[in-house]
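Listed here are the chains, written in short residue letters.
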Amino acid sequence: MKAKNKVINSIKMNFPSLSVNESAARAMVAAFSAQADPTTTELADIKCAVSEAVTNCIVHAYPDSIGEIYISVKILEGRKILIEIKDKGRGIEDIDLAKTPLYTGAPGEERSGMGFTVMESFMDEMKVRSRVEKGTTVLLLKRLTQRR
Amino acid sequence: MEKELYVFRYDEEKKRVNLRLVGEIDHHSAAILRHEIDEALMKKRPNLLYVDLSGVDFMDSSGLGLIMGRYSLMKKLGGETVVLNPSPRAKKILTLAGMEKVIRIEKREVKADESKK
Ligand SMILES: Nc1ncnc2c1ncn2[C@@H]1O[C@H](COP(=O)(O)OP(=O)(O)O)[C@@H](O)[C@H]1O
Ligand SMILES: [Mg+2]
């Protein structure tokens, strides 16, 4: 993801992987992103994608323990929002397989296997980096429409 | 602190349940919903389950998991499931997963007599 654009503003947050934090995390990212004057639809896209990535940290990265989740949001020149969601959890062995629609690595949990597909379809770019037993980083980029 | 997440109405005569989901459906709320809804469904054993999404203002793929799970339970109980009034966004998520081929999705009001207890 070419983040060559100048950073206009940025924020960082981290919190424990408690499921009750899912709504707070997406609301905080949305509140900060609102500075860049997105449309309601764009903001809802961002909220949904962040919710997916944060849920994955809670459910998959730290399945039997509570770990830390790190989020960074950057508003870039040219009306772009770059969001990084990172964990130091279990990691993903096969990223292409994980991204496959309807694939879930936790079949007992009533997961739909659509998280990455939702992130990809609601954002303009998605990049996943992961190392087994080290953790996972998901980068999400949203290009906002020009407003006048 | 605990907000109302759903309204569960059972029509004894028609053996129908109108389940109206309310507010935000994510992994956190879905876990609570699943538990309570299944308990009620197992007790009533309806022939038809309406899942009305008109009151949902946020839903991610965990909501999809919730709907798919209830559909499977209803199938086991020998009943049908119909999803009502998804927002365009919820509909997009349902469609991404190909759900419209499996579950009936309709846009309409449940008449008062259908949702009465
Ligand atoms: N942060 C993460 N850490 C470890 N594994 C992950 C992470 N995110 C995703 N995965 C793996 O990728 C799979 C697919 O994720 P997703 O598309 O969100 O579907 P779901 O969460 O419904 O299983 C997960 O089931 C899991 O095995
Ligand atoms: Mg997921």
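Read on for an overview of the structure.

Rules of the game
- Residues numbered from 1 in each chain as written.
- Chains lettered and ligands numbered in written order.
- Predicted model: local features only at pLDDT ≥ 70, side-chain atom pairs only at ≥ 80, totals over all residues.
- Heavy atoms only, no water.
- Near = heavy atom within 4 Å.
- Polar contact = N/O pair within 3.5 Å; in protein donor to acceptor, adjacent residues only side chain to side chain.
- Areas by Shrake-Rupley, 256 points an atom, 1.4 Å probe, with all protein chains shown as cover.
- Helix = DSSP H or I, 4+ residues; strand = E, 2+ residues; numbered from the N terminus.
- Phe/Tyr/Trp six-rings, centres within 6.5 Å; stacked < 30°, edge-to-face > 60°.
- Lys NZ or Arg CZ within 6 Å of the ring centre and 35° of its normal.
- Pairing = 2+ DSSP bridges.
- Axes fitted to C-alpha atoms, helices over the stretch in contact; angles between N-to-C directions.
- Contact = heavy atoms within 4.5 Å.
- Core = buried A, V, L, I, M, F, W, Y, C linked by side-chain atoms within 4.5 Å.
- Buried < 20%, exposed > 50% of the residue type's maximum accessible area, 1.4 Å probe, protein only.
- Disulfide = S-S within 2.5 Å.

## Side note on the site of ligand 1
All names here are of chain A. As a matter of local geometry, ligand 1 sits amid 18 residues, with N56, H60, T104, G105 and G113 nearest to it. Between an oxygen atom of ligand 1 and a side-chain N or O atom of N56, the distance comes to 2.9 Å. The backbone of G113 places a nitrogen or oxygen atom 2.7 Å from an oxygen atom of ligand 1. In isolation ligand 1 has 530 Å² of accessible area, and contact with the protein removes 95% of it. Among the elements of the structure, helix 2 (40–61) and helix 4 (115–122) are those that each provide at least two residues to the shell around ligand 1. With 3 residues, helix 2 is the largest single contributor of residues to the shell around ligand 1.

## Brief notes about the packing of aromatic side chains
One pass over the full model with this rule turns up 0 aromatic pairs over all chains. Lying over the aromatic face of A:Y70, A:K86 brings its terminal NZ or CZ to 5.7 Å of the ring centre. The ring of A:F122 carries the charged tip of B:R89 above its face, separated from the ring centre by 5.1 Å.

## Some details on the sheet that holds strand 3 (residues 80–87) of chain A
Residue and element names in this part refer to chain A. Taken in spatial order, the 5 strands of this open sheet run 1-2-3-5-4, and their pairing is antiparallel. The open sheet is flanked by strand 1 (7–16) and strand 4 (125–131), the only strands paired with a single partner. Across the sheet, the mean angle separating the axes of adjacent strands is 10 degrees when strand polarity is ignored. When strand 1 meets strand 2 (residues 68–76), the two strands line up antiparallel, connected through 9 bridges. Within the sheet, the bridge partner assigned to N9 lies in strand 2 and is I75. Strands strand 1, strand 2 and strand 3 of the sheet are contacted by helix 1 (residues 21–33), whose axis makes an angle of about 170 degrees with strand 1.

## What about the nonpolar core?
Grouped together as the largest cluster of nonpolar side chains are 35 residues, with contacts concentrated most on B:L19, B:L21, B:I25, B:L33, B:L53, B:M59 and B:I67. If you list the elements that add at least two residues to this core, you get helix 4 of chain A together with strand 1 (6–11), strand 2 (16–25), helix 1 (27–44), strand 3 (48–59), helix 2 (61–76) and helix 3 (88–96) of chain B. Excluding its chain neighbours within four sequence positions, the residues that come into contact with B:I67 are B:L53, B:M59, B:V83, B:L94, B:M99 and B:I103. Counting 32 residues, the second largest nonpolar core, distinct from the first, contains A:A25, A:C57, A:I58 and A:A61.

## Here we look at the side chain of A:N56
Residues and elements named next belong to chain A. Within the secondary structure, N56 sits in helix 2. For N56, a relative accessible area of 16% corresponds to the buried category. In this view, N56 contacts A61, F116 and M119; residues no more than four positions away in its chain are not counted.

## Let's talk about the state of the cysteines
Residues and elements named next belong to chain A. Evaluated as defined, the whole model comprises 0 disulfides over all chains. We note that C48 lacks a disulfide partner, and the nearest cysteine sulfur, in C57, lies 15 Å from it. Judged by its relative accessible area of 0%, C48 is buried. Residue C57 is classed as buried on the basis of its relative accessible area, which comes to 3%.

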